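Coordinate analysis (summary)
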Amino acid sequence: MLAHVSTDCGSRTPIRDVDFPTQYIFEPETLIMPIECFKLPSEAVDLEVFTEKKMRQDGQLITALKFAPFITWQQPDQQTGVERRLSQLLLSSIEASVMLHCFPRGKYEVMVLILDNGGFPVDSINTGDCLAAAITCSGLALTDASVQMYDTPVGVNVDLSTVVRPSSSVGHLCAAILPNLQQYSMLYTSDSCIRTGQDLREALSCAMNGGVQLATTIKQCLVRQTNTTA
């Protein structure tokens, strides 16, 4: 699996999608914009005043998850829909960890390419492992790009049949974990059947423990690599 992050500090997002009839009037502290008015001509035209704080916008995060063209699909017509859905879930997973306000009007692009699914054909159900790996790789790519974050996200895919024994719950639960904050930024499942609330609590606890262990291992590897290259 490959993950890549690119940044763009030149992007600009329009404040309003309105075709203004006159030019903007700039003053030292404010920006006055004439807007369309649907009142009678005899009435005064309303003006909206945007201060500098209101104009300031956070950065933008864009994610894309794709499968390599040589991966086998059980139903090839599902590929576009699955990739679009997983891209949305990946965005939900890592967006909460990135300090977008530290990169105003900029843009982060996270591109993930999945090269293998463990040798099994891909379908719309068995994508939990791919999504979990994509979340972890994206967190590492953001760290490598020196992106300011609240926490480094990691992904885990829990087998519900092994969480509680005996358990009637089956399937898998994919979770995006913020280990230092002890929070879940995303939960996803497409093949699970969770029978009781206790099973769900056990699954979430198992996901958190697995995420913390994975984050600890990643941190140790990064520290070792930093000391080696120093």
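The preceding data block contains the structure.
So, a few notes on the structure that sits alongside this text.

Cut-offs used in this document
Residues numbered from 1 in each chain as written. Predicted model: local features only at pLDDT ≥ 70, side-chain atom pairs only at ≥ 80, totals over all residues. Heavy atoms only, no water. Helix = DSSP H or I, 4+ residues; strand = E, 2+ residues; numbered from the N terminus. Expected span 1.5 Å × (residues − 1). Contact = heavy atoms within 4.5 Å. Core = buried A, V, L, I, M, F, W, Y, C linked by side-chain atoms within 4.5 Å. Buried < 20%, exposed > 50% of the residue type's maximum accessible area, 1.4 Å probe, protein only.

Below, the discussion takes up helix 2 (residues 79-95). Here helix 2 spans 24 Å end to end across 17 residues, near enough to the 24 Å set by a 1.5 Å rise per residue. Buried residues in helix 2 make contact with strand 5 (60-67), strand 6 (107-114), helix 3 (128-144), strand 8 (172-178) and strand 9 (183-188).

Leu65, Phe67, Val98, Leu131 and Met186 are the most contacted members of the largest nonpolar core, which has 31 residues in total. Ranked by residue count, the leading element in this core is helix 3, at six residues. In this structure Leu131 touches Leu86, Leu89, Leu90, Cys174, Met186 and Tyr188, once residues within four positions along its chain are discounted. Of all hydrophobic cores here, the second largest spans 10 residues; its members include Val156, Ala175, Met208 and Ile218.

Let us look at unusual backbone geometry. Phi is positive for Arg105, which is not a glycine, with a value near 60 degrees. Tracing the sequence through the fold places Arg105 in the loop between helix 2 and strand 6. Under the relative-accessibility criterion, Arg105 is labelled partly exposed at 28%. Positive phi, close to 55 degrees, is recorded for Gln182, a residue that is not glycine.

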